[in-house]
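# A closer look at the structure
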Amino acid sequence: MRTDHEGVLDAAVRLLAVNPGASTVDIAKAAGISRATLHRLYPSRDVLIEDLAERALVATQAAIDAVGLERAQPIDGFQRLVDALLPLAHQYAFLMNEAQLDHSPRIVDATRRFDTRLEEFFTRGQMEGAFRVDLPASWMGLLLMHTLVAASEGLRLGIMGHREAPRLVSLSLLSGVRSETS
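Residues numbered from 1 in each chain as written. Predicted model: local features only at pLDDT ≥ 70, side-chain atom pairs only at ≥ 80, totals over all residues. Heavy atoms only, no water.

With their axes 8 Å apart at the nearest point, helix H7 (residues 105-127) and helix H8 (residues 137-157) run at an angle of 115° to one another. As H7 runs across H8, the sense of the crossing is right-handed. The segment H7 lies against H8, with Phe114, Leu118, Glu119, Phe122, Thr123 and Gln126 engaging Ala137, Ser138, Met140, Gly141, Leu144 and Met145. Across the contact of H7 with H8, the residue classes break down as seven nonpolar, four polar and one charged. (Axes fitted to C-alpha atoms, helices over the stretch in contact; angles between N-to-C directions. Helix = DSSP H or I, 4+ residues; strand = E, 2+ residues; numbered from the N terminus. Left-handed = near helix turned anticlockwise from the far one by under 90°. Contact = heavy atoms within 4.5 Å. Nonpolar A, V, L, I, M, F, W, Y, C, P; charged D, E, K, R; others polar.)

Here it is, written out as structure tokens:
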């Protein structure tokens, strides 16, 4: 039986990304532990959800920091962003699907900061001529994150392979957002 917190969180977020209504029994089963063990680790589903959200946001911010979006050339930064965020896409899917998080000011604030960083990156890319100017930068950020979630689902379902996924995400999006002059 696996009782380490990281293992439980990994199993829980993967399940909740595809089944937001999963019960604590379902979560415990996915983690390979008993419901009693899950409750010892996380006294309530709400506490588990908050921990998962915090973990997802910290991982996402760390990935963006590692890419260095603020200094990266737009197209190269975009490619590195896809590579960095694709392994975390199931966590973003969880953040999008968990209604409880809409009422957490801390989580909403952290999500806004993340969205703002993406918007600033795409705006800079527009100003440098790398991305289309007829699409809002905020829309490009949404497209990126939702396409990453779609790729994560494609991986889970076996529709695409791990090597193919970043290329498909980049090709799909850059064909729609790249400026004709880049």
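Looking now at helix H2 (residues 24-31). Among all positions of H2, only Thr24, Ile27, Ala28 and Ala31 are buried. Projected down its long axis, H2 shows its buried positions confined to an angular sector of 100°, all on one face. Contacts made by the buried residues of H2 are with helix H1 (5-18), helix H3 (35-41) and helix H4 (45-67). Downstream of H2 by a residue or two, glycine 32 has a phi angle that is positive, lying close to 75°. (Buried < 20%, exposed > 50% of the residue type's maximum accessible area, 1.4 Å probe, protein only. Arc of directions from axis to C-beta.)

Between its first and last C-alpha atoms H1 spans 20 Å; for 14 residues at 1.5 Å apiece the expected length is 20 Å, and the two agree. Regarding H1, the residues found buried are Gly7, Val8, Leu9, Ala11, Ala12, Val13, Leu15, Leu16 and Ala17. Where H1 is buried, its residues contact H2, H3, H4 and helix H6 (89-97). (Expected span 1.5 Å × (residues − 1).)

Here we come to the packing of H6 against H8. At a closest axis distance of 8 Å, the pairing of H6 and H8 adopts a crossing angle of 115°. Considering their axes alone, H6 and H8 lie roughly perpendicular with respect to each other. Both H6 and H8 take part in a crossing whose hand is left-handed. Between H6 and H8, the residues in contact are Ala89, His90, Tyr92, Ala93 and Met96 and Met145, His146, Leu148, Val149 and Ser152, respectively. Taken together, the residues of the contact of H6 with H8 break down into seven nonpolar, three polar and no charged. (Parallel < 35°, antiparallel > 145°, perpendicular 65-115°, else oblique.)

This part takes up the confidence of the model for the protein chain. The predicted model of the protein chain averages 90 in pLDDT, with 95% of residues at 70 or higher. Within the protein chain, H6 has the poorest average pLDDT of any element, 86, and helix H5 (residues 74-85) the best, 95. (pLDDT = per-residue confidence, 0-100.)

Evaluation of the coordinates by the stated rule reveals twelve salt bridges. Here arginine 80 makes a salt bridge to aspartate 76, at a shortest N to O gap of 2.4 Å. Residue arginine 80 and its partner aspartate 76 are located together in helix H5, separated by four residues, close to a single helical turn. Overall, the relative accessible area of 39% leaves aspartate 76 in the partly exposed class. Residues joined by salt bridges that share partners form a network here, namely Glu6, Asp10 and Arg55. (Salt bridge = Lys/Arg side-chain N within 4 Å of Asp/Glu carboxyl O.)

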